[in-house]
Amino acid sequence: MKNLGNSIGQYDSDGKFTDHKVDTTKTSDRYQYADSDTKSTYDNTTNAVSNIIDKSNGTYADQATVEKLTDDKNKAWSALNGVKPTDTDKITPNVPEKKVPVANTSNLTETEKDQVKKNVEDANKGNFPDGTVVTVGADGTATVTYPDKSTDTIKDSDLVRPENDADKTTPSVPDKKVPVADPSHLTDSEKDQVKTNVTDANKDNLPSGSQITVGNDGTTTVTYLDGSKDTIPGDKVKVDDPNKLTDSEKEELSNNLEKLNPGTVVTIADDGTATV
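Residues numbered from 1 in each chain as written. Predicted model: local features only at pLDDT ≥ 70, side-chain atom pairs only at ≥ 80, totals over all residues. Heavy atoms only, no water.

**Comments concerning helix H7 (residues 110–123)**
For H7, built from 14 residues, the straight-helix expectation of 20 Å at 1.5 Å per residue is met to within 8% by its first-to-last C-alpha distance of 20 Å. Buried within H7 we find Glu 112, Lys 113, Val 116, Asn 119 and Val 120. All buried residues of H7 fall inside an arc of 125° around its axis, so they share one side. For H7, the exposed residues lying more than 90 degrees away from the buried face are Glu 110, Thr 111 and Asp 114. Those residues of H7 hidden inside the fold are in contact with strand E1 (100–102), strand E2 (133–136), strand E3 (142–145), strand E4 (151–154) and strand E5 (160–162). (Helix = DSSP H or I, 4+ residues; strand = E, 2+ residues; numbered from the N terminus. Expected span 1.5 Å × (residues − 1). Buried < 20%, exposed > 50% of the residue type's maximum accessible area, 1.4 Å probe, protein only. Arc of directions from axis to C-beta. Contact = heavy atoms within 4.5 Å.)

In structure tokens form, the structure reads like this:
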């Protein structure tokens, strides 16, 4: 009977079976996080043992039954497989949408590491618990250490990439804009002038072999030898024809002249000429 009692932490004068006490076991992680079948087996064997050794309500059992129940109870206790989930088990780090362009993917600068760290932290606002620490290795790998000291890793290939010509070059915008008749549909000569202006503004700036193309709205695309691109918005390189009034300008001028000449209808030409 002593062995049976020890299986639930009773008759334990030496304190060797303290962990087997039912109250201790049921508040432990091994029980709390065990799978349901294992917990059920433990509960059933615990009840069976209690029914036998309880002095007021105990039931009779022969030696063979006691020995088997003792063995079953100890096995049920040992089988409790619960493990408290760590922060790593509960959290999946978000990978930033943009990768950091770096000069050397094997040896990031401190500035590049700081940018990787910021990207990871920004992508995980509301995801990481307070006290989480992000560190970045030489190759850009990010290690996330949670408050419980468990860790996650985001691989370098998800966070950094080799920098290209577009990363290293900032095209200069020409000082002068090209006057155009239709800002949405530049003529070939207007496009050529925009291209010339951009080319002249970037002598010794753009890498050799860079190609400059101008779209219908004046948007200028610089394509580098490595295939990367930069863009200069159309409004930075063109301006509407200063000699051509806009529709709103023509309407305002027409209204003002009609007020000065009641009963007349005034038509305004593109160059501002008024016809009554």
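**A short note on the environment of Pro 147**
Looking at the secondary structure, you find Pro 147 in the loop between E3 and E4. Placed 18 residues apart in sequence, Pro 147 and Pro 129 show a C-alpha to C-alpha distance of 7.5 Å.

**Description of the sheet that holds strand E9 (residues 229–232)**
Strand order across the open sheet formed by three strands is E7-E8-E9, with antiparallel pairing between neighbours. The open sheet has two edge strands with one neighbour each: strand E7 (211–214) and E9. Pairs of neighbouring strands in the sheet enclose a mean axial angle of 20°, with direction left out of account. Direction of pairing for E7 relative to strand E8 (residues 220–223): antiparallel, over a ladder of four bridges. When the sheet's bridge partners are listed, Ile 212 is paired in E8 with Val 222. Of the strands in this sheet, E7, E8 and E9 are in contact with helix H9 (residues 188–201), which crosses E7 at around 145°. (Pairing = 2+ DSSP bridges. Axes fitted to C-alpha atoms, helices over the stretch in contact; angles between N-to-C directions.)

**A look at the side chain of Thr 169**
Mapped onto the secondary structure, Thr 169 falls in the loop between helix H8 (165–168) and strand E6 (178–180). Using a relative accessible area of 9% as the deciding quantity, one classes Thr 169 as buried. In contact with Thr 169, other than residues within four places in its own chain, are Asn 205, Leu 206, Pro 207, Tyr 224 and Asp 230.

**Observations concerning the nonpolar core**
Counting residues in each nonpolar core, the largest one holds 15 residues, and the members touching the most others are Val 116, Val 120, Phe 128, Val 134, Ala 142, Leu 159 and Val 160. Of all elements in the fold, only E1, H7, E2 and E3 reach the threshold of two or more residues within this core. Apart from residues no more than four positions distant in its own chain, Phe 128 is found in contact with Ile 91, Pro 93, Val 120, Val 134, Val 144 and Tyr 146. Core analysis: the next-biggest nonpolar cluster, separate from the first, contains 13 residues, Val 198, Leu 206, Ile 212 and Val 214 among them. (Core = buried A, V, L, I, M, F, W, Y, C linked by side-chain atoms within 4.5 Å.)

**Side note on the pattern of salt bridges**
For the structure shown, the criterion picks out seven salt bridges. Across the salt bridge formed by Lys 118 and Asp 122, the nearest N and O atoms sit 2.7 Å from each other. Of this pair, Lys 118 and Asp 122 both sit in helix H7, four residues apart, which is roughly one turn of that helix. Judged by its relative accessible area of 43%, Lys 118 is partly exposed. Its relative accessible area of 35% is what places Asp 122 among the partly exposed residues. Asp 165 is the partner of Lys 168 in a salt bridge, and the nearest nitrogen-oxygen pair spans 3.9 Å. Here Lys 168 and its partner Asp 165 are both found in helix H8, three residues apart, which amounts to about one turn of the helix. Assessed through its relative accessible area of 54%, Lys 168 is described here as exposed. Take Asp 165: its relative accessible area is 16%, and that puts it in the buried class. (Salt bridge = Lys/Arg side-chain N within 4 Å of Asp/Glu carboxyl O.)

**Describing the confidence of the model for the protein chain**
Overall, the predicted model of the protein chain reaches an average pLDDT of 84, with 79% of residues at or above 70. This stretch, residues 1–13, has a pLDDT under 50; its non-local contacts, to residues over four places away or in other chains, come to 41 contacts. (pLDDT = per-residue confidence, 0-100.)

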